[in-house]
Amino acid sequence: MTNTQVTLVQIDNYGPWTVTPEPRREADLQTLQSRLYADISQFVGNRDGYTFFTRFDNMVAVTNGLDLEDHALLQESVGNRYPVTLSLGVATGTSPVQALADATELVQEAGSAQDKNRRECLEGRVVEDAHQADDDIQIAHFDVVDATGNYTDELNAFDTFIEIEQGYAELMRHMRYAHDSLSFFVGGDNIIVVCPDLGEAEYEEAIHHVQEAVDVELQVGVGRGKSAHDAGFAAKHALETCRADGTRVELEW
Ligand SMILES: Nc1nc2c(ncn2[C@@H]2O[C@H](COP(=O)(O)OP(=O)(O)OP(=O)(O)O)[C@@H](O)[C@H]2O)c(=O)[nH]1
């Protein structure tokens, strides 16, 4: 059974900072946000976790294998190098949606996102080493079937973007409400979904739903593992099988 460890990363008091003493140049904010995301992704990724940029001021990470000392080191390192600080909430559970909800609540209880007295809070608990299992994480890697042939080489770049985003919007809502899963756009036509224990039928149903709702055709590879990297890597291999065999759902475990 899955036991996903989710970390909510929230920049402390970021809204006020972006306009103090007056609005800051947008390109500088975009640069700061993408560099901060890159740094967090590298820190967490070096420990086999995944980080998703989501709204940039709030990011979501799958952190099985990282303990609270690792989280504190990330806060210290960012605090030393950036003009902003991070608060972190960590929670675990069989449902990724519930784990993220719990992690969010911990950060909210520590103070508002725009409370200037809430800085670098670290709340929550992790999966202990002794309790880690090879099926703690289930990750589904979706992509649009022949996005290059159907969209990228055919439509103008903005209309392609609209189609891909429509597919993402439909999938993320469906996976959240029907299957208790967290979906994240990761670039190109790819969506990585952090799932509880789902089987082939649920993935087939989700693909069918997106096709019916917005006419975007998806395929998916699914993997399991002790860490996000292990599960995600198995999912990538399964997706390669979809591409090679023309199948829509491949599970690899
Ligand atoms: N983040 C991420 N992006 C990827 C990955 N694989 C492909 N992409 C992105 O997806 C885009 C399209 O590549 P593909 O998905 O291989 O191409 P496709 O035309 O959809 O072809 P098929 O997937 O074979 O149907 C690339 O330009 C990348 O931006 C991946 O594993 N991770």
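Predicted model, so just to flag it, every value in this text is computed and none were measured.

What follows concerns the sheet that holds strand β9 (residues 218–225). As a general point, the strands of a sheet are linked pairwise by backbone hydrogen bonds and lie either parallel or antiparallel. The strand order across the open sheet built from 5 strands is β7-β8-β6-β9-β10, with neighbouring strands paired in mixed fashion. In this open sheet, the two strands that pair with only one neighbour each are β7 (182–187) and β10 (249–252). Looking at each pair of strands side by side, their axes are set apart by 20° on average, direction ignored. As paired elements, strand β6 (residues 137–144) and β9 share 8 bridges and run antiparallel to each other. Within the sheet, the bridge partner assigned to Gln 138 lies in β9 and is Arg 224. Here helix α6 (residues 157–179) sits on the sheet and contacts β6, β7, β8 (190–195) and β9; the angle it forms with β7, its principal contact strand, is near 160°.

Using the criterion set out here, one finds 7 salt bridges in the structure. Two residues, Arg 243 and Asp 143, come together in a salt bridge whose shortest N-O distance is 2.7 Å. Of this pair, Arg 243 sits in helix α8 (residues 228–245) while Asp 143 sits in strand β6; the two residues are 100 residues apart in sequence, bridging distant segments of the chain. Owing to a relative accessible area of 40%, Arg 243 belongs among the partly exposed residues under this scheme. A relative accessible area of 4% places Asp 143 in the buried class.

Examined at the domain level, the protein chain breaks down into domain 1 (4–131) and domain 2 (137–252). The straight-line distance from the C-alpha centre of domain 1 to that of domain 2 is 25 Å. With 15 residues of domain 1 in contact, the opposing surface of domain 2 contributes 19 residues. For the pair domain 1 and domain 2, the summed buried area comes to about 1400 Å², and 76% of that belongs to carbon and sulfur atoms. Per-residue buried area on domain 1 facing domain 2 is highest for Tyr 50, Phe 52 and Val 97; these three make up 40% of the total on that side. At the surface where domain 1 touches domain 2, the tally comes to 3 residue pairs in polar contact (both at pLDDT 80 or more). Only β2 (50–52), β3 (58–62) and α4 (96–110) provide two or more residues apiece to the side of domain 1 that touches domain 2. Among the elements that line the side of domain 1 that touches domain 2, the one with the most residues is α4, at 3 residues. Looking at the side of domain 1 that touches domain 2 residue by residue, the class counts come to 8 nonpolar, 6 polar and 1 charged.

What counts, and where the lines are drawn
Residues numbered from 1 in each chain as written. Predicted model: local features only at pLDDT ≥ 70, side-chain atom pairs only at ≥ 80, totals over all residues. Heavy atoms only, no water. Pairing = 2+ DSSP bridges. Helix = DSSP H or I, 4+ residues; strand = E, 2+ residues; numbered from the N terminus. Axes fitted to C-alpha atoms, helices over the stretch in contact; angles between N-to-C directions. Contact = heavy atoms within 4.5 Å. Salt bridge = Lys/Arg side-chain N within 4 Å of Asp/Glu carboxyl O. Buried < 20%, exposed > 50% of the residue type's maximum accessible area, 1.4 Å probe, protein only. Domains from an automatic or database assignment. Buried area = accessible area lost by both parts, 1.4 Å probe. Polar contact = N/O pair within 3.5 Å; in protein donor to acceptor, adjacent residues only side chain to side chain. Nonpolar A, V, L, I, M, F, W, Y, C, P; charged D, E, K, R; others polar.

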